[in-house]
Amino acid sequence: MKFRLEHSRVVFDAHPRIRAWFSTRRGGVSRPPLDTLNLSYGVHDDPEAVTENRRRMLAFEGHGLNDVVMPHQVHHNHIEWVTRDWRGRGSVPGTPPIPETDGFLTEETGVVLGMGFADCVPLFLIDLKGRAAGILHAGWRGTAAEIQRLGVEHLAERGISPRDLAVGIGPSIGPCCYEVDRPVYDAISRVAGDETMTQTDETHWQLDLKRANRILLERAGVPPGQIIEAPYCTGCRPDLFFSYRIEGKHTGRMGGYVCLNEN
Ligand SMILES: [Zn+2]
């Protein structure tokens, strides 16, 4: 189980039939300040460039735009089970995304689960017996709403034990670059304790959101040795990633993807 950088993406290897990957900003066709692999249509990029970038990210695993499902993400904790007949939804403009969803799970092969990220924590859920996989979008709100615990519980309802899960914590903002204020401190410390935060002045803390998710995943029953963190802070690596925190709202978005293969 490990993350590795491969050309313009970071791959999470956990099971031979489950593919999980995360885009970098390299290897796309968008112009500055969205150079070069922006995956969002919502940041004033050329739509044709975004479509080409999305196509490239799927082509790495032999998939096309018609194979992916993407949601409208709202920083909450709603999770959907995805089936093959949803393929294509949210892939390009004109195909409505799955509404108000920040977590996808599937037991079906041939459908790619996709989500957008810029600093928020991507969680790749991989059943080590190969029966299911998922992806969760865990910013501070989703983390505080315990989307990671809900993801583990949804899988358990279908007979997949937390002990059989590997979870990849993908590239996201690190404590070095993530200053938060009192409302965030309160929300995170309520669920994950305040050891995830270092106080810097009366009203500010540096938050380790990856660690908060790790704590909550362990509490949900995922073995600590099966929770793997990608060794990247999106804020510290402008050469590799877009960062909303560091570059502001006029920056690009990365994508996380997972799918079950037939073999
Ligand atoms: Zn950093």
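Scroll up for the structure.
Visitor: Break down the packing of aromatic side chains for me, with residues and values.
Guide: With the rule as written, the count across this model stands at seven aromatic pairs. Of the aromatic side chains, those joined through ring pairs into one cluster are Phe22, Phe117, Tyr232 and Phe241. Across from the ring centre of Trp81, 3.9 Å away, lies the NZ or CZ of Arg158, which sits over that ring.

Visitor: Describe the sheet that holds strand E11 (residues 179-180), naming the residues involved and giving the relevant values.
Guide: In spatial order, the strands read E11-E13-E12; together these three strands make up an open sheet with antiparallel pairing. Two strands in the sheet have a free side with no partner beyond their single neighbour: E11 and strand E12 (197-201). The pairing of E11 with strand E13 (residues 204-207) spans two bridges and is antiparallel. Its bridge partner lying in E13, Val180 is registered against Trp205. Sheet contacts for helix H4 (residues 182-192): E11, E12 and E13; angle to E13, the most-contacted strand, approximately 50°.

Basis of the calculations
Residues numbered from 1 in each chain as written. Predicted model: local features only at pLDDT ≥ 70, side-chain atom pairs only at ≥ 80, totals over all residues. Heavy atoms only, no water. Phe/Tyr/Trp six-rings, centres within 6.5 Å; stacked < 30°, edge-to-face > 60°. Lys NZ or Arg CZ within 6 Å of the ring centre and 35° of its normal. Pairing = 2+ DSSP bridges. Helix = DSSP H or I, 4+ residues; strand = E, 2+ residues; numbered from the N terminus. Contact = heavy atoms within 4.5 Å. Axes fitted to C-alpha atoms, helices over the stretch in contact; angles between N-to-C directions.

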